[in-house]
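# Architecture and fold: a report
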Amino acid sequence: MENFTYYNPAKIIFGKDSEKNIAQEILPFSSKVLLVHGKDSLNRLKLSDALSSQFEKKNIKIFDYDKVVPNPHLEHVKEAIDICRNNQIGFVLAIGGGSAIDTAKAIAIGVPYEGDVWDFYTGKAEPKTALPIGTLLTLPSSGSEMSNASIISNKQEKLGCEHELLIPKFSILNPLFTLSLPPYPTYVGIVDIFSHLLERYFSNSQSVHLTDFLLEGAMQSLLINASKLHQNMHSYEIRAEIMWTASVAHNNLLDTGRISDWGSHRIEHELSARYDIAHGEGMAIIFPAWMSYAAEHKPEKLAQLAVRVFHYDSLAYSKKELASLAVKKVQEFFTECGMHKNLSELGIDETDFSIMAQKAVQNGSVGHYIVLNSHIIESILAIALRNDL
């Protein structure tokens, strides 16, 4: 087991009516709040009047920013930073999923910073202070409601910033807000959650039985609930389990004592930055391709996945055979979630593979379970081009 320090002060308020005291949660921080969300999201959830009434009673002034888009854009972050500065706003509330929350986090660290907020994402600067952040989660996926990370795109690159200042002060999780989600964003989110669990699972760290079993249990729970959801998209109980799984999968508890991989995510960020596809859709293609490569070069952890999560007999197959079965089962699950199997199905060819691979490694390497250089990443993208197990 690796040495670790675990810190996560996010307050979670979970369940029906959990949003009814949101103004009270904000009041200790500021009397001016910026709402960060996508167009029409408040009206779709019938939240606009309810929130306005709450804030009015507590004398909290609302400022609205509704330009959030998937794969959140740097230009929108900068617009919202100006709104905050011009109006002395002291709190940022994200309403939505990972895109809204990651946008809010970027705004929060950008407001007090005199330079370009993009500096935090390129590694040129580290946040020293930030506006406090809260979230009202409506799309379980990224886990950003409890994480210390934010991912932003400048339309050429998609980069992340990690810092404890990015952990929200509180997050409101009411599964009722997810009942109206259509199947596609629901299952894109489920794939993203599963990919977060897989990234942590693929580790070279030894004596990590506790987190191995926690990760395996979370994966099995997600497989069960995703299957049940096909039969009943409006089940509160199923949606509640998925919502909490998303948070637990990415609040770094399951990272403790181990070094996670994250090579697949780095590859996908180049994919979604260039082609603006949904992150979960990209992960559904890249992860099985990465696993196919890993099955040939380092099958041990994949074999364990096949036995413990997909219940194959360890005595009936070799490690490489088990690893290949794990790849097949993961891709089958993603296909059942309605995702594409390969890049060709999205109309993407190999033209930019070399450029994406170079950007992914940034003149170095990525990944830990398997260290990837640009040549290996090109090989994985080639598998992803026509992957159809």
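Before going into details, it helps to say that this report is about the structure given with it. Please read these numbers as outputs of a predicted model, since none were measured by experiment. (Residues numbered from 1 in each chain as written. Predicted model: local features only at pLDDT ≥ 70, side-chain atom pairs only at ≥ 80, totals over all residues. Heavy atoms only, no water.)

## Some details on the environment of glycine 38
Locating glycine 38 in the fold gives a position in the loop between strand E2 (32-36) and helix H2 (41-44). In this structure glycine 38 comes out as buried when scored by relative accessible area, which is 18%. Residues glycine 38 and isoleucine 95 lie 57 residues apart in sequence; the distance between their C-alpha atoms is 8.1 Å. Once you skip the residues sitting within four places of it in the chain, glycine 38 turns out to touch Asp66 and Val68. (Helix = DSSP H or I, 4+ residues; strand = E, 2+ residues; numbered from the N terminus. Buried < 20%, exposed > 50% of the residue type's maximum accessible area, 1.4 Å probe, protein only. Contact = heavy atoms within 4.5 Å.)

## Points about the packing of aromatic side chains
Under the counting rule described, the total for this entry stands at 15 aromatic pairs. For the pair phenylalanine 29 and phenylalanine 91, a centre-to-centre distance of 5.6 Å together with 35° between the ring planes defines the contact as tilted. Taken as a pair, phenylalanine 29 in the loop between helix H1 (22-26) and E2 and phenylalanine 91 in strand E4 (residues 91-96) lie far apart in primary sequence, 62 residues in all. Here the aromatic residues Tyr201, Phe202, Phe287, Trp290 and Tyr369 are joined through ring pairs into a cluster of three or more. Lying across the ring of tyrosine 201, lysine 301 places its NZ or CZ 5.2 Å from the centre. (Phe/Tyr/Trp six-rings, centres within 6.5 Å; stacked < 30°, edge-to-face > 60°. Lys NZ or Arg CZ within 6 Å of the ring centre and 35° of its normal.)

## Brief notes about the packing of helix H11 (residues 279-297) against helix H13 (residues 319-336)
The interhelical angle for the contact between H11 and H13, taken along N-to-C directions, is 175°, at an axis separation of 9 Å. The orientation of H11 relative to H13 falls into the category roughly antiparallel. Residues Met283, Ala284, Phe287, Pro288, Met291, Ser292, Ala295 and Glu296 of H11 form the contact with H13, whose own contacting residues are Lys320, Ala323, Ser324, Ala326, Val327, Val330, Gln331 and Phe334. Residues of the contact of H11 with H13, tallied by class, amount to 11 nonpolar, 3 polar and 2 charged. (Axes fitted to C-alpha atoms, helices over the stretch in contact; angles between N-to-C directions. Parallel < 35°, antiparallel > 145°, perpendicular 65-115°, else oblique. Nonpolar A, V, L, I, M, F, W, Y, C, P; charged D, E, K, R; others polar.)

## Observations concerning the sheet that holds strand E8 (residues 170-173)
The strand order across the open sheet built from 6 strands is E1-E8-E5-E4-E2-E3, with neighbouring strands paired in parallel fashion. A strand with exactly one partner marks an edge of an open sheet, and here the two such strands are strand E1 (11-14) and strand E3 (61-65). Neighbouring strand axes in the sheet, compared pairwise and without regard to direction, differ in orientation by 20° on average. Across 4 bridges, the pairing between strand E5 (residues 133-137) and E8 is parallel. Note that in E8 the partner of leucine 136 across the bridge is isoleucine 172. Strand contacts of helix H5 (residues 98-110): E2, E4 and E5, with the helix running at about 165° to E4, the strand carrying the most contacts. (Pairing = 2+ DSSP bridges.)

## Here we look at the nonpolar core
One finds Phe202, Met291 and Leu305 to be the most contacted residues of the largest nonpolar core, which totals 69 residues. It is H11 that provides the largest number of residues to this core, a total of 11 residues. In contact with phenylalanine 202, other than residues within four places in its own chain, are Ile259, Ser260, Asp261, Phe287, Trp290, Met291, Lys301, Leu302, Leu305 and Tyr369. Ranked by size, the runner-up nonpolar core spans 35 residues in total, among them Leu34, Val68, Ala104 and Cys161. (Core = buried A, V, L, I, M, F, W, Y, C linked by side-chain atoms within 4.5 Å.)

## Regarding unusual backbone geometry
Phi at aspartate 17 is positive, roughly 65°, even though this residue is not glycine. Its place among the elements puts aspartate 17 in the loop between E1 and H1. Note on aspartate 17: relative accessible area 44%, which makes it partly exposed. With phi around 75°, asparagine 252 is a residue other than glycine that occupies positive phi space.

## Digging into the side chain of aspartate 352
Among the structural elements, aspartate 352 can be located in the loop between H13 and helix H14 (353-361). If we ignore the near neighbours within four places in the chain, the residues touching aspartate 352 are Arg274 and Tyr275.

## Looking at the pattern of salt bridges
Side chains bearing opposite charge may pair, as long as their charged atoms lie close to each other. Evaluated as defined, the whole model comprises 14 salt bridges. Of the charged contacts, one joins glutamate 216 and arginine 308 as a salt bridge, the two residues approaching to 3.1 Å between their closest N and O atoms. With a gap of 92 residues between them, glutamate 216 in helix H8 (residues 209-231) and arginine 308 in helix H12 (residues 300-308) connect regions that are remote in the sequence. In this structure arginine 308 comes out as partly exposed when scored by relative accessible area, which is 27%. Between lysine 320 and glutamate 296 there is a salt bridge whose closest N-O contact spans 3.7 Å. Here lysine 320, found in helix H13, pairs with glutamate 296, found in helix H11; they are 24 residues apart in sequence, far enough to count as distant. The partly exposed category is assigned to glutamate 296, whose relative accessible area is 48%. (Salt bridge = Lys/Arg side-chain N within 4 Å of Asp/Glu carboxyl O.)

## Details of the state of the cysteines
Two cysteines joined by a covalent bond between their sulfur atoms form a disulfide. This structure, assessed with the given rule, holds 0 disulfides. Residue cysteine 161 stays outside any disulfide, its sulfur separated by 17 Å from that of cysteine 84, the closest cysteine. On the accessibility criterion, cysteine 161 (4% relative accessible area) is buried. (Disulfide = S-S within 2.5 Å.)

## Overview of the environment of proline 288
With respect to the helices, strands and loops of the structure, proline 288 is situated in helix H11. Proline 288 sits 34 residues away from leucine 254 along the chain, and the two C-alpha atoms are 22 Å apart. Aside from chain neighbours lying at most four places away, what touches proline 288 is Met283, Val327, Gln331, Phe334 and Asn387.

## Brief notes about helix H15 (residues 374-386)
Over its 13 residues, H15 runs 19 Å from end to end, which matches the ideal 18 Å to within 8%, given 1.5 Å per residue. When we look at burial in H15, the residues that qualify are Ser374, Ile376, Ile377, Ile380, Leu381, Ala384 and Leu385. Summarising the contacts, the buried residues of H15 are in contact with helix H10 (263-275), H11 and H14. The residue sitting at the N-terminus of H15 and contributing the capping side-chain oxygen is asparagine 373; that oxygen lies 3.0 Å from the backbone nitrogen of histidine 375. (Expected span 1.5 Å × (residues − 1). Polar contact = N/O pair within 3.5 Å; in protein donor to acceptor, adjacent residues only side chain to side chain.)

It is worth stressing that arrangement in space is one thing and function is another; only the former is reported here.
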